[in-house]
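Take a look at the letters that make up each chain.
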Amino acid sequence: MRKVARSIELLVRRGLIYRDVDKADRRRTSLSLTADGRKVYKDIEKFVVRVERKLMAALDPHEVEVLRRSLDKLDRQLETEIKAQGRDNFL
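Residues numbered from 1 in each chain as written. Predicted model: local features only at pLDDT ≥ 70, side-chain atom pairs only at ≥ 80, totals over all residues. Heavy atoms only, no water.

Q: Is there a simple way to explain the overall build of the protein chain in this structure?
A: Across its full length, the protein chain holds 4 helices and 2 strands. Starting at the N terminus and walking to the C terminus, you meet the elements of the protein chain as α-β-β-α-α-α. Over its C-alpha atoms the protein chain spans a radius of gyration of 19 Å, topping by over 25% the 12 Å that the globule rule assigns to 91 residues. A buried classification covers 5% of the 91 residues belonging to the protein chain. A fraction of 2% describes how many contacts in the protein chain between residues 6 or more apart in sequence connect residues 24 or more apart. Carbon together with sulfur atoms contributes 56% to the accessible area of the protein chain, which is approximately 8,500 Å² in total. Within the protein chain, one finds 23 positive and 16 negative side-chain charges whose respective centroids are separated by 6 Å. (Helix = DSSP H or I, 4+ residues; strand = E, 2+ residues; numbered from the N terminus. Rg over C-alpha atoms; globule rule 2.2 N^0.38 Å. Buried < 20%, exposed > 50% of the residue type's maximum accessible area, 1.4 Å probe, protein only. Contact = heavy atoms within 4.5 Å. Areas by Shrake-Rupley, 256 points an atom, 1.4 Å probe, with all protein chains shown as cover. Lys, Arg positive; Asp, Glu negative; His and termini not counted. Charge placed at Lys NZ, Arg CZ, Asp CG, Glu CD.)

Q: In this structure, what is going on with helix α1 (residues 2-13)? I would like to understand it.
A: Helical geometry note: an α-helix holds 3.6 residues per turn, so side chains three or four residues apart project in the same direction. Compared with the 16 Å implied by 1.5 Å per residue over 12 residues, the 16 Å span of α1 between its first and last C-alpha is a close match. Positive phi appears at G15, one or two residues downstream of α1, with a value of about 75 degrees. (Expected span 1.5 Å × (residues − 1).)

Q: In this structure, what is going on with the confidence of the model for the protein chain? I would like to understand it.
A: Low-pLDDT portions of the prediction should not be read for the details of their coordinates. Across the protein chain, the average pLDDT comes to 93, with 98% of residues at 70 or higher. The weakest mean pLDDT in the protein chain belongs to helix α4 (residues 87-90) at 73; the strongest belongs to helix α2 (residues 35-56) at 97. (pLDDT = per-residue confidence, 0-100.)

Structure, rendered in structure tokens:
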């Protein structure tokens, strides 16, 4: 958990996210992207889409479909495991 806290602190210092502490319960904090954070997010999103297109071009349509179905199946299994064990116990 310390690594997450350090990462959040770094993003706050860099002006990429904004941290808002709940006035009623100071243990609770909400995080949101700043304008700069949204720009970085969009840049990363464009990069990821470009890389995904290049990688998927190596597969034929049938292979793409099999891959997508397999990833969906793994995603559903992960959700099932998290629900069964509880988020805190799973992580």
